[in-house]
Amino acid sequence: MSADDAFEMVQPPSEMRVAVKMIAEKEAVSWKTTDEQHVLATISVVESEESDRTPLEIVAVVDRSGSMAGEKLEMVQKTLRFLAKTGLRKTDTFAIVTFHSDYDLVLPKTAMDENGSAKALAAIAEIQPGIATNLSGGLLHGIREMDSTAAVPGTARAILLFTDGQPNGGLTTAPEIREAVQGTMVDKQTKIHTFGFGSDCKVDILQDLASNYGGSYNFVRDVEAIPVAFGNALGSLVSMQAQAAALSLSWGSEVASIKVLGDHTKKVDPDSKTIEVNVGDLYSQLDKNILMQVKLKELPAKQENVEPMLFASIKYYDMTEKMTVTATGNLKIARPDETPEQAVNLTIDAQKNRIAVADAIKAAKAAGDRGDVEKGRSILFGAAAAAGRTASSNTPMVQALVHDVDALNRNFESESQYRSLGAAASSEAAAAWGGEVPTPSFACPLTSDSQAEYRALAASAVKDGSSPDSDDEAPQPRSAPAPAPHYRSLNAPADDEAPQPRVAPAPHYRSLGAPADSEVISPPAPKRAALSP
C-alpha cells in the first residue's frame, strides 16, 4: 500500500504526532486600520518512542576513481564498516554501488542481520581504486538497486552519494543527471544525500540532487569529516516520523493577502484564497518554520468576538501508523479600537534573520562565482551586521547565524581561497540555514540529539573499532533520540531561564579559515555525557 492510497485520518489534539502552530508579530491590531506583519507557522513532531525507530533502506554510492586512492578511500571504507556493524539494524537493508570509469554492485540489498553484516564487511574490504569518475552511471545503478524491491510503508529509503571529483564519464551536468534520475527513480520518496570531498567536486550537481530529492548536501573538508557527515545523515534518517508533508493555508475576509517567504515550493490560488506549501519529510526535534507576510484589511465595524482569520492544515504520511494523517491549526488576531504597544516577538524576528542571512549567502556566492569576491564579502558583512542589530541578536540561533557568516567571510579574502573552500561551503551553508537542514558545519543549533549522537558514534567507531580486522565491540546507538528543548533554546534571549547552549571551540570554523581560538555557539549537549559531540 502506497502513501497515496493509504487511509486518511484527522487526529484529535491529544493524539497528534505532528502539530502546526501559528503566531503573529502583533496579537492585536486596531479594526480601524490596515496592517502588514509577519506570521509564523511552525510544524513540529512529538518525540518518538524507542520502538518508533524508523527502519531504513540504504544504498551507498561510492566514488572509487584514482583520486580516491589512499587515505580518502580507506576512511570511506571505515565509515561503511560503521554502517554495517553499528549504524544499521537487522530490520534495515544495505547495498553498495561503486563507480569509476564503470560501476559495480558490490553488495546487493542485504538485511543487516549478523549474516548480512558479515557479507557487507567482506564486500567493503574488496573495494579498490579505479580510474575515471562516471558519477551518473553509479548513481543510476544505485537507484535501480533501491527500486529492485517495492517500497515498504513506514520505511525510510536513502541513497548516500560520495565523490571527490568532477564527472568525466557518462552524464556530466546537473540538468542531464536530474532528468536521468527523474526518469529512473520509481519510488519518488527516496532521499539523496550527497557528500563532496574537497574543492574539486562539481558542487552544483551534488546540491541539485540533494535539494530536489529531500536530502542534505555536505561539503567534506578533510578525511576526519567523512564519518561525521555520514553519521549526521544517518541520525536524521532514523528519526524520520512523517513523509511527504504538505501545508495548506487559507484565510478569511479580514486578510487581504499572504506571501510565503523563503525557498519553499508552493502553489498559490488567489481565487480560493489558498496556498499549498511543500514541506517534505519531518523528523523528531527538527521543526519546520514557514514565515509569511500577511496584510490585514480595515474592518467596517468592530467585531464582538475574536474569530480565526488564518487556517492551516498539515497533511502527511505517518511512518509509525502507516496512514495519511491531517493535523490542523488556526490563528486569531484581536481587533480592538486601538493597536496596543507590543513587544517584539523574538521567535519571529529570529526566523526573519534566518531567511535574510540564507538569501545573503546565496547572493554572496553568486558574486564569488562571478569572480567578485570583494562584493561577496561586502554582502556577508552587511548581513551579519544587520542581524546583529535586531531584537533577536542575543538568541542562540542568531548568534550562530552571525558566526557562520563570519566563518564564510574569511573564505572570500581572495579568489583562490573562495574557489578552494568558499564556494562549496557557501552552498552548504545556504541550504542548511534556508532549508533548516543542519549539517556538521552549519546551522549547528538546529541539530537534533539523534544527529549529534550518530555523528559522535560514527567518529568514535571509525577511530577506535572499525579497522578491517577489528572485532572490538563498537558503541551502540540508541533506538531513538531523547527529548531536548531545542525550540525554546533557539529563540530565547541569552539571559532567559531556558537551558542555554554551551559555547565551545568549533573545528569546522577553524578549517574554513577562522583563527584557532574562535568560538561558536554549539547545540545543547545530549543528555548522556558519553555521547556529547
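Preceding this section is the structure that the text describes.
Residues numbered from 1 in each chain as written. Predicted model: local features only at pLDDT ≥ 70, side-chain atom pairs only at ≥ 80, totals over all residues. Heavy atoms only, no water.

Student: Give me the overall build of the protein: which residues, what numbers.
Tutor: Within the protein one finds 13 helices and 18 strands. Counting only residues that meet the buried cut, the protein has 56% of its 533 residues in that class. Taking the intrachain contacts of the protein between residues at least 6 apart in sequence as the baseline, contacts between residues at least 24 apart amount to 76%. Only carbon and sulfur atoms are counted for the fraction: they give 50% of the accessible area of the protein, which is about 21,600 Å². (Helix = DSSP H or I, 4+ residues; strand = E, 2+ residues; numbered from the N terminus. Buried < 20%, exposed > 50% of the residue type's maximum accessible area, 1.4 Å probe, protein only. Contact = heavy atoms within 4.5 Å. Areas by Shrake-Rupley, 256 points an atom, 1.4 Å probe, with all protein chains shown as cover.)

Student: Lay out the sheet that holds strand β3 (residues 35–45) in plain terms, naming residues and giving numbers.
Tutor: The sheet built from 4 strands is open, its strands ordered β2-β3-β14-β11 with antiparallel pairing. Edge strands, defined here as strands with exactly one partner in the open sheet, are β2 (18–24) and β11 (255–260). Sheet twist, expressed as the mean angle between neighbouring strand axes with direction ignored, is 25°. Two elements, β11 and strand β14 (residues 288–296), share 5 bridges in a ladder whose sense is antiparallel. For Lys 259, the partnering residue across the bridge sits in β14 and is Gln 293. (Pairing = 2+ DSSP bridges. Axes fitted to C-alpha atoms, helices over the stretch in contact; angles between N-to-C directions.)

Student: An account of the nonpolar core is needed here, citing residue identities and associated values.
Tutor: Of all hydrophobic cores here, the largest spans 55 residues; its most connected members are Leu 139, Ile 159, Leu 161, Val 181, Leu 209 and Trp 433. In this view, Val 181 contacts Leu 139, Leu 140, Ile 143, Ile 192, Leu 209 and Tyr 213; residues no more than four positions away in its chain are not counted. (Core = buried A, V, L, I, M, F, W, Y, C linked by side-chain atoms within 4.5 Å.)

Student: Would you mind going over helix α5 (residues 203–212) in detail, with residue names and values included?
Tutor: Turning to α5, its buried residues number three or more, namely Val 203, Ile 205, Leu 206, Asp 208, Leu 209 and Ala 210. The inward-facing, buried residues of α5 contact α3 (135–146), β7 (156–163), α4 (174–184), β8 (191–197), β9 (217–220) and α10 (415–434). One or two steps after α5, the chain reaches Gly 214, where phi turns positive at roughly 65°.

Student: I'd love a proper account of the packing of aromatic side chains, names of residues and values included.
Tutor: Taken as a whole and assessed by the stated rule, the structure comprises 3 aromatic pairs. Seen in terms of ring centroids, Phe 162 and Phe 230 are 6.1 Å apart; in terms of plane orientation they differ by 35°. Their pairing is tilted. With Phe 162 in strand β7 and Phe 230 in helix α6 (residues 225–238), this residue pair connects regions lying 68 residues apart in the sequence. With respect to class, Phe 162 is no different from Phe 230; both count as buried. Ring centres 4.9 Å apart and planes at 55° place the aromatic pair Phe 412 and Tyr 418 in the tilted group. Looking at Phe 412, the relative accessible area reads 0%, which means it is buried. Here the aromatic cluster, defined as three or more aromatic residues joined through ring pairs, consists of Phe 162, Phe 195 and Phe 230. (Phe/Tyr/Trp six-rings, centres within 6.5 Å; stacked < 30°, edge-to-face > 60°.)

Student: Outline the packing of helix α7 (residues 346–369) against helix α8 (residues 373–388), supporting the account with residue identities and numerical values.
Tutor: Think of two packed helices as two axes; the pair is described by the angle between the axes and how far apart they sit. Interhelical geometry of α7 versus α8 gives an angle of 170° and a closest axis separation of 7 Å. Taken together, the axes of α7 and α8 lie roughly antiparallel to each other. Touching Asn 353, Val 357, Ala 360, Ile 361, Ala 363, Ala 364, Ala 367 and Gly 368 of α7 are Val 373, Lys 375, Gly 376, Ile 379, Leu 380, Ala 383 and Ala 387, all from α8. The class makeup of the residues in the contact of α7 with α8 is 11 nonpolar, 3 polar and 1 charged. (Parallel < 35°, antiparallel > 145°, perpendicular 65-115°, else oblique. Nonpolar A, V, L, I, M, F, W, Y, C, P; charged D, E, K, R; others polar.)

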